[in-house]
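The residues making up each chain are set out below.
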Amino acid sequence: MASINIVFLITALRFLGLLQPLEWMAYDLLFLLRPSEPKEGRIVIVAWDEADIEKFQEGSISDSKLAHILEKIKAQKPRIIGLDLFRNVPVLSKSLSKEQNERAYQKLQEIFRSTPNLVGIAKVTPPQIQAPQTLKEETRITSADLLKDGDETIRRAYIHPLEDGKGEPAGIISIGVISAIKYLSFEGFEVGEERNQALTLTRQQSPEKNEGSGNFESQSNSHIRGVARFPRSSRSSKITLRPLKRFDGSYVKKEEGTKILINWRKGNSPFFQVTVSEVLAGSIPANTFKDKIVLIGNTSTSSSDKHHLPINRWTLPSTTNGVETHAQIASSIVSAALDDRPAIETIPEWSEFLILLLMVTAIALIAIKYREKHTLKLFLITTSIAMSLCCCLAIFALVAFFSQGYWIPIVPSLLGATTTPIAICFIVYNDKIEQNNQDLKQLIKDLNHSLQNSLRPIVEGGNIALDVSSNLKKADNLTETIARYEEELGEHPLSAIQENLEIILLSAGELNRQRENSQEYFKIAYLGQSVFSKKLTAFNQLVNKTVQEITYIKQHQYNLTIQIQEYYDPQIKDVPIDSQSFQRVLENLIDNAYYAIHKKTQTRPEHQGIIKITTHKKKEPSRN
């Protein structure tokens, strides 16, 4: 029952989003455990870096320089040029006059118009930033919006950042996705649609016959949306993009836009980069940009366009610039289609629940088994080993599945595996306390009965001795009084006093023994140990020894000679038993028998009592 409660509690925590930070950390750790990958040869980044800023004394690349590098890039016939720079206003060069800057701006606009495979960016989520008007008129605008999780880390990418009133994707598409689609069009992929708002990129012809469409809008179908889900074979014939739904992976909130998980490329420098200075100087090879995705962006250390990614959570530098982030998005889709590099998928929610249930059940079964048959120490050791093995197997399986592109949220299962033995330990400890309380109640009851039995002869013997000694002290004729008592008691009164004093001493010794035993029991209970400690004991010998000791005391206590008949079943060997508690119970039984016979002899002096002590092995029920 405890394991079921744990499963439902953890499931509730997961769907409330309380495990999300831990799940994000585990997800990022999976990328850390992966080996570095080779550079992505299909993408080249033209970087405006800190050295360019120092050289040209310009915070942003001016219109004149941007026009020059676009001409040089265009001449090498790249498949697509992505301008990851906001150009909604002119950017002047300090080294040029006003007229020269105006001519440079006009030239840049003309290049925008005459380069059909050039796309610009806008920011459509608040705060919004407008796109260049020329590219907007040419319908070659993409979104530069990046989706950050609650810990400011980017794990997903937008397909469409916006939705319409019906929840359908609306507006422009992200620059990384468009770059991948345009590149794949040269490989023979065409855009199509499936049900459930899914988009497909299907290879219709061999790349040798397809030169790619020059019409950007035809490749950026307005219904693109979803999570990338690709076949596992190299050079896929079809790519399906499905919406990343609520509760996929570790996510629980409904957010605007359609998104995909990105298979981030790990490495110190995952993309080829050239600087603006190198392009302007013509110091790069003639085929650097040919048939490539070319992204132009700001990579300077002073730029605010820096983002945290899973691949650099525990590395230095701890951030990635925006243009490289868009390159990662494009690479994830392109490499999934053309390489044996799967995209990241999630598993259904029911399978997450099943994994959690299996993990918790396995740990619980082991814990319950050892709880019933072994000591608490061995139980803790065994469950700890089982928990560690299950967690290691789960992590190994997680890493193996992740290498194939499947993200399995592991935090609920690990949490279940660790909390289950803790919960069972608590239950075991609580049961042990409850059992100790029951044992203590029984102990107190037994002690009370034993104390009554021991105090009775002390009181009776003391009264008799006090009565005899008092009467002897008051007697006028001591000789007559002694003779009268000798006749009543059947013995000399001093002998009677001596016998009662012996009985008192024996009973006092019995009381002292019970006091010592009770101290030991209460000490054990205080330390949280079991009150009744069972050990294998020769049962017949224990019974015989106890009978001999107790009957000797009781014969003197009650002044009775009672026949003791004993029969011990030879089939009984060693029995797990608490010797002290058993002796105390047997003592009470024999005392009760002596007391009953004593009372009966007072009314019927001729009565001869017999006490029978018998042990018998109980037959085990047949299993047939």
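Shown above is the structure to which this text applies.
Residues numbered from 1 in each chain as written. Predicted model: local features only at pLDDT ≥ 70, side-chain atom pairs only at ≥ 80, totals over all residues. Heavy atoms only, no water.

Participant: Quick question: what am I supposed to make of the environment of L415 here?
Facilitator: Here L415 shows up in helix α13 (residues 411–474). On the accessibility criterion, L415 (26% relative accessible area) is partly exposed. Considered as a pair, L415 and V7 are 408 residues apart in the sequence and their alpha carbons are 9.7 Å apart. Apart from residues no more than four positions distant in its own chain, L415 is found in contact with I10 and L19. (Helix = DSSP H or I, 4+ residues; strand = E, 2+ residues; numbered from the N terminus. Buried < 20%, exposed > 50% of the residue type's maximum accessible area, 1.4 Å probe, protein only. Contact = heavy atoms within 4.5 Å.)

Participant: Explain the packing of aromatic side chains to me, please; I cannot follow it from the model alone.
Facilitator: Geometrically, a pair of aromatic rings is defined through the distance of the ring centres and the angle of the planes. The final tally for this structure, using the stated rule, is ten aromatic pairs. Three or more aromatic residues joined by ring pairs form one cluster here, namely W24, Y27, F31, Y251, F402 and W407. The positively charged end of R79 is found above the aromatic ring belonging to Y183, 4.3 Å away from the centroid. Note that R156 overlies the ring of Y251, its terminal NZ or CZ placed 3.8 Å from the centroid. (Phe/Tyr/Trp six-rings, centres within 6.5 Å; stacked < 30°, edge-to-face > 60°. Lys NZ or Arg CZ within 6 Å of the ring centre and 35° of its normal.)

Participant: Explanation requested: the pattern of salt bridges in the structure shown.
Facilitator: Two side chains that carry opposite charge are able to pair once their charged atoms sit near each other. Scanning the entire structure with this criterion turns up 22 salt bridges. Taking the shortest distance from any N to any O, the salt bridge between E352 and R14 comes out at 3.1 Å. With E352 in helix α11 (residues 349–373) and R14 in helix α1 (residues 2–15), the pair connects residues that are 338 residues apart, well separated along the chain. R14 carries the same exposure label as E352, and that label is buried. Through salt bridges with shared partners, a single network forms among D28, D149, D151, R155, R156, E255 and R313. (Salt bridge = Lys/Arg side-chain N within 4 Å of Asp/Glu carboxyl O.)

Participant: Just checking my understanding: could you explain the nonpolar core for this structure?
Facilitator: Counting residues in each nonpolar core, the largest one holds 67 residues, and the members touching the most others are L184, I293 and W407. The dominant element in this core, judged by the number of residues it contributes, is helix α10 (residues 322–338), at eight residues. Residues contacting W407, with those up to four places away along its chain left out, are E23, Y27, L30, G249, S250, Y251, L261, I344, E345, T346, I347 and F402. Membership of the second largest hydrophobic core comes to 28 residues, among which are V44, I61, I141 and F289. (Core = buried A, V, L, I, M, F, W, Y, C linked by side-chain atoms within 4.5 Å.)

Participant: What am I meant to see in the sheet that holds strand β14 (residues 293–298) here?
Facilitator: Two pairing modes exist for strands in a sheet, parallel and antiparallel, and in both the strands are linked by backbone hydrogen bonds. Here six strands make up an open sheet; going across it, the order is β4-β3-β2-β14-β1-β13 and the pairing parallel. Strands with a single pairing partner mark the edges of an open sheet, and in this sheet they are β4 (141–143) and β13 (271–275). Going across the sheet, the axis of each strand differs from the next one's by a mean of 30 degrees, ignoring polarity. Each of β1 (40–48), β2 (80–84), β13 and β14 touches α10; the most contacted strand, β1, lies at about 170 degrees to it. (Pairing = 2+ DSSP bridges. Axes fitted to C-alpha atoms, helices over the stretch in contact; angles between N-to-C directions.)

Participant: Honestly, empty space enclosed by the protein in this entry has me stumped. Any pointers?
Facilitator: Leftover empty space is mapped by rolling, across the atoms, a probe with the size of a water molecule. Tallied over the full model, the rule gives three cavities of 30 Å³ or more. Each pocket or cavity is described by its volume, and for the largest cavity that value is around 120 Å³. Around the largest cavity, the lining residues are T11, R14, F15, E349, E352, F353, I355, L356, P409, P412 and S413. Those elements that place two or more of their residues in the lining of the largest cavity are α1, α11 and α13. With five residues, α11 is the single largest residue contributor to the lining of the largest cavity. For the lining of the largest cavity, the per-class residue count stands at six nonpolar, two polar and three charged. (1 Å grid on protein atoms, 1.4 Å probe; cavity = no way out; pocket = protein on both sides within 12 Å on 5 of 7 lines; lining within 4 Å. Points joined across faces, edges and corners; volume = space filled by probe spheres on them. Nonpolar A, V, L, I, M, F, W, Y, C, P; charged D, E, K, R; others polar.)

Participant: I tried to follow a nonpolar patch on the surface on my own but got confused; where do I start?
Facilitator: Among the surface-exposed residues, M25, L29, L32, L33, W314, I395 and V399 lie close enough to one another that they form a single nonpolar patch of about 580 Å² accessible area. The set of elements that each furnish at least two residues to the nonpolar patch consists of α2 (20–33) and α12 (376–403). Top contributing element to the nonpolar patch by residue count: α2, with four residues. With respect to the helices and strands, the residue M25 is situated in helix α2. (Patch = residues over 30% accessible without salt bridge, like charges linked within 9 Å, V, L, I, M, F, W, Y side chains within 5 Å. Areas by Shrake-Rupley, 256 points an atom, 1.4 Å probe, with all protein chains shown as cover.)

Participant: How should the side chain of R42 be read in this particular structure?
Facilitator: Along the chain, the position of R42 falls in strand β1. Reaching out from R42, the side chain makes a polar contact with the side chain of E40 at a distance of 2.9 Å. In this structure the side chain of R42 is engaged in a polar contact, spanning 2.4 Å, whose partner is the side chain of D339. (Polar contact = N/O pair within 3.5 Å; in protein donor to acceptor, adjacent residues only side chain to side chain.)

Participant: Help me out: how do you make sense of the side chain of D28 in this one?
Facilitator: Examined against the element boundaries, D28 turns out to sit in helix α2. On the accessibility criterion, D28 (0% relative accessible area) is buried. If we ignore the near neighbours within four places in the chain, the residues touching D28 are T153, R155, P310, R313 and W314.

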